Amino acid sequence: MSDFLLELGKSPNARRLVKALGLPIPLPPVLGRDRTPWSARPLADRRIVVGATDGAELVAPLAETLAAAGANAYLEMPDALRAAFREPGESFGRPAQELAALGDKATCDALVLDATGIAAVAGLRAVYYFFHPRVARLARSGRVLVLGRTPDGLGSEAAAAQAALEGFVRSLAKEIGRTGATANLVLVAPGAGSRLGPVLRFLLSSKSSFVTAQPLQVTARARTLAEPPLARPLEKKTVLVTGAARGIGEATARLFAQEGAHVVCLDRPADDGPTSQLARALGGTPLSVDLSDEAAPGKIADALRALGGVDVVVHNAGITRDKTLARMSEAQWDGVLGVNLAAVVRTHAALEPLLRDNGRVVCLSSIAGLAGNVGQTAYGASKAGIVGFVRATAERLADRGITVNAVAPGFIETRLTAAIPVAIRQVARRLAALGQGGLPEDVGQALLFLATPGAQGITGRTLRVCGGAFVGA
Ligand code: NAD
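Procedures and definitions
Residues numbered from 1 in each chain as written. Predicted model: local features only at pLDDT ≥ 70, side-chain atom pairs only at ≥ 80, totals over all residues. Heavy atoms only, no water. Helix = DSSP H or I, 4+ residues; strand = E, 2+ residues; numbered from the N terminus. Rg over C-alpha atoms; globule rule 2.2 N^0.38 Å. Buried < 20%, exposed > 50% of the residue type's maximum accessible area, 1.4 Å probe, protein only. Areas by Shrake-Rupley, 256 points an atom, 1.4 Å probe, with all protein chains shown as cover. Salt bridge = Lys/Arg side-chain N within 4 Å of Asp/Glu carboxyl O. Core = buried A, V, L, I, M, F, W, Y, C linked by side-chain atoms within 4.5 Å. Domains from an automatic or database assignment. Contact = heavy atoms within 4.5 Å. Pairing = 2+ DSSP bridges. Axes fitted to C-alpha atoms, helices over the stretch in contact; angles between N-to-C directions. Near = heavy atom within 4 Å. Polar contact = N/O pair within 3.5 Å; in protein donor to acceptor, adjacent residues only side chain to side chain. pLDDT = per-residue confidence, 0-100. Patch = residues over 30% accessible without salt bridge, like charges linked within 9 Å, V, L, I, M, F, W, Y side chains within 5 Å. Lys, Arg positive; Asp, Glu negative; His and termini not counted. Charge placed at Lys NZ, Arg CZ, Asp CG, Glu CD. Disulfide = S-S within 2.5 Å. Phe/Tyr/Trp six-rings, centres within 6.5 Å; stacked < 30°, edge-to-face > 60°. Buried area = accessible area lost by both parts, 1.4 Å probe. Nonpolar A, V, L, I, M, F, W, Y, C, P; charged D, E, K, R; others polar.

### What to know about the overall build of the protein chain
Reasoning step 1: Within the protein chain, the secondary structure is distributed over 16 helices and 14 strands.
Reasoning step 2: Here the protein chain has a C-alpha radius of gyration of 22 Å; the compact-globule value for 473 residues is 23 Å, and the two agree.
Reasoning step 3: In terms of overall dimensions, the protein chain has a C-alpha envelope of 65 × 55 × 45 Å along the principal axes.
Reasoning step 4: A total of 473 residues make up the protein chain; the buried ones form 55% of that total.
Reasoning step 5: Carbon and sulfur atoms provide 56% of the accessible area of the protein chain, an area that totals close to 19,400 Å².

### Thoughts on the pattern of salt bridges
Reasoning step 1: With the rule as written, the count across this model stands at 25 salt bridges.
Reasoning step 2: Close ionic contact of D302 with R305 constitutes a salt bridge, the shortest N to O distance being 3.0 Å. On the criterion of helical spacing, the pair formed by D302 and R305 is a turn pair, its members being 3 residues apart in helix 10 (residues 296–306).
Reasoning step 3: Judged by its relative accessible area of 47%, D302 falls in the partly exposed class.
Reasoning step 4: What makes R305 partly exposed here is its relative accessible area of 49%.
Reasoning step 5: Residues joined in a network through salt bridges with shared partners are D3, E413, R429 and R430.

### Digging into the nonpolar core
Reasoning step 1: One finds I48, V50, V186, L204, F256 and L447 to be the most contacted residues of the largest nonpolar core, which totals 70 residues.
Reasoning step 2: Residue contributions to this core reach at least three from each of two domains, namely domain 1 (47–218) and domain 2 (238–465).
Reasoning step 3: If we skip the residues at most four places from it in the chain, V50 touches L62, L66, A73, Y74, L75, E76, M77, F85, V112 and F130.
Reasoning step 4: V289, I300, A394 and A406 belong to the second-largest nonpolar core, a separate cluster that totals 30 residues.

### Here we look at the sheet that holds strand 11 (residues 310–315)
Reasoning step 1: If you trace the 7 strands from one edge of the open sheet to the other, you get 10-9-8-11-12-13-14, paired in parallel fashion. Since the sheet does not close on itself, it has two edges, and those belong to strand 10 (285–288) and strand 14 (462–465), each with one partner. On average, each strand axis in the sheet is inclined to that of its neighbour by 20°, with strand direction left out of account.
Reasoning step 2: Relative to strand 9 (residues 262–267), strand 8 (residues 238–242) runs parallel, the two sharing 5 bridges. Bridged to L240 within strand 9 is V264.
Reasoning step 3: Of the strands in this sheet, strand 8, strand 9, strand 11 and strand 13 (403–409) touch helix 8 (residues 247–258), which is tilted by about 170° from strand 9.
Reasoning step 4: Packing of helix 16 (residues 440–451) onto the sheet brings it into contact with strand 11, strand 12 (355–364), strand 13 and strand 14, and relative to strand 13 it is tilted by some 170°.

### Comments concerning the site of the ligand
Reasoning step 1: Around the ligand, the structure places 30 residues, and the nearest of them are R246, D267, N316, Y379 and T414.
Reasoning step 2: With respect to the ligand, the side chain of R246 contributes an N or O atom lying 2.8 Å from an oxygen atom.
Reasoning step 3: At 2.6 Å from an oxygen atom of the ligand is found a side-chain nitrogen or oxygen belonging to Y379.
Reasoning step 4: Here the ligand loses 98% of its free accessible area of 830 Å² to cover by the protein chains.
Reasoning step 5: Sort the elements by how many residues they give to the shell around the ligand and helix 14 (residues 415–418) lands first, with 3 residues.

### Overview of the confidence of the model for the protein chain
Low-pLDDT stretches of the model should not have their predicted coordinates read in fine detail.
Reasoning step 1: Of all residues in the protein chain, 98% have pLDDT values of 70 or greater, and the mean over the chain is 95.
Reasoning step 2: Strand 8 holds the highest mean pLDDT among the elements of the protein chain, 99, whereas helix 2 (residues 12–20) holds the lowest, 76.

### Regarding a negative patch on the surface
Reasoning step 1: There is a patch of like negative charges on the surface, built from E64, E87, E90 and E227.
Reasoning step 2: According to the relative accessible area criterion, E64 is partly exposed, its value standing at 41%.

### A few points about the state of the cysteines
Reasoning step 1: A full pass over the atoms with the stated rule returns 0 disulfides.
Reasoning step 2: With no disulfide of its own, C466 has C363 as its nearest cysteine by sulfur position, at a separation of 18 Å.

### Structural notes on the packing of aromatic side chains
Reasoning step 1: Inspection of every chain in the model, using the stated rule, returns 4 aromatic pairs.
Reasoning step 2: Members of the aromatic cluster, connected to one another through ring pairs, are F130, F131 and F168.

### Examining the domain arrangement of the protein chain
Reasoning step 1: Its domain assignment divides the protein chain into domain 1 (47–218) and domain 2 (238–465).
Reasoning step 2: Here the C-alpha centroids of domain 1 and domain 2 sit 31 Å apart.
Reasoning step 3: Taken together, the contact pairs 21 residues of domain 1 with 23 residues of domain 2.
Reasoning step 4: Carbon and sulfur atoms supply 63% of the area that domain 1 and domain 2 bury against each other, a total of about 2,000 Å² over both sides.
Reasoning step 5: Three residues stand out in domain 1 for area buried against domain 2, namely F202, F210 and L216, and they jointly supply 34% of the buried area on that side.
Reasoning step 6: For the pair domain 1 and domain 2, the number of links is 5 residue pairs in polar contact (both at pLDDT 80 or more).
Reasoning step 7: Within the residue set of the side of domain 1 that touches domain 2, elements represented by two or more residues are helix 6 (156–176), helix 7 (197–204) and strand 7 (214–218).
Reasoning step 8: Of the residues that constitute the side of domain 1 that touches domain 2, the class distribution is 10 nonpolar, 6 polar and 5 charged.

### Focus: the sheet that holds strand 2 (residues 72–76)
Reasoning step 1: Pairing in this open sheet of 7 strands is parallel, and the strands run 3-2-1-4-5-6-7 from one edge to the other. Edge strands, defined here as strands with exactly one partner in the open sheet, are strand 3 (97–98) and strand 7.
Reasoning step 2: By the bridge criterion, 7 bridges tie strand 5 (residues 138–149) to strand 6 (residues 182–188) in an arrangement that is parallel. Following the sheet pairing, R143 is matched in strand 6 by T182.
Reasoning step 3: Helix 3 (residues 59–68) contacts strand 1 (47–52), strand 4 (108–114) and strand 5 of the sheet and is inclined by roughly 170° relative to strand 1.
Reasoning step 4: Strand contacts of helix 4 (residues 79–91): strand 1, strand 2 and strand 3, with the helix running at about 165° to strand 2, the strand carrying the most contacts.

Structure (structure tokens):
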């Protein structure tokens, strides 16, 4: 199951040898991963070069977030925009500096450009000028982040210029992935600037190591909360994780418990052993239920009612039964759609009345549902169905402050992917911009982020955790 090239690349001597001999072996980068609990200063001492173009709209939340999160900002922007950095810099003891203070040769940990002011195609040249001289000096596992705006109310040319940012980011991500660096675009809707902070904290930190090459929208929809907590964000929250016995579900349950949640760990009766063991270790509650059973939603609702309701539901349990359509049996088709989609819809319906206001629902989709895959007509259908489910449910629950999102993993190292033939597995890993498969905890970190109170600006969306493996069709 282990990735031989990744293991080899962990040894500095092996890396030096491969380089010295000029061997054509692309050793994947070792990704920086932050496994510590959430804290107020996840970007402590990071060197972040911040650019903004004329008319940039998000410098204020950007300045506030970077200083509060402990980052050292180096500015390249018009004088009028720099003023926003003065006060937060002073109050958090992180005065922003001129770019020259970084020195010509120094690396930086992140490059952030507020491109919301770009309203014409000619303005895109500013994107080139900002990134071109610096991209080669981005540190390993560095971050590129572009801030754009949603197309609401934009004229044709402004919409074209803003949409161009997406293609830029997707492509740059593929160029810098071999160093473990990621590139993403955050599209902020009018009036949603105050919800940007938690998104920046996640995407600029080492908790988003496998999230790259994609846009993420922040909306002003759903009720606004008071200051979201920065540490122990799930304190006093009850969370249900389905399929918690192993893989992504287990990693997610562990991360949620680390942030203070009471985790209800659900899996099949046949997996009662590992599920109970995990629940005990996390101080949570085990729940043995087969989700393909029609009576399952009622049993789950009873268990959560006994705990006084639920704040977060993670619909993670899922199965694959890969066969080309011509060879697929009816039972295989029914099994996959039954667990991956029908059970999610049914379970959600039973739990919606128990879900507290400002709650969070996160479902597991897959890049197979977005890009399609040979042998996965049923699986792809079930996972694309999830995308539609979260979109519609998010709209319906927005007034209660409840957000509903999906996470679409790419190739993640679990039992599910260990079943893939070894040669295909090797190829699948190398297809990612980051040159490797992700770990269950990478998906868990994204699920955790979407489950926190601070993620209130993200709803109805599908966030890929695929290391840039998505090619699209
Ligand atoms: P896994 O097989 O390691 O774990 C899935 C868990 O779900 C198991 O513990 C299993 O017992 C449980 N489960 C399955 N059917 C169930 C049922 N009827 N009732 C109760 N529990 C049931 O898989 P994983 O890789 O951790 O996948 C988790 C989710 O992520 C799935 O929805 C999967 O489709 C999705 N996903 C995984 C990958 C990947 O590369 N591993 C990629 C894309 C999407």
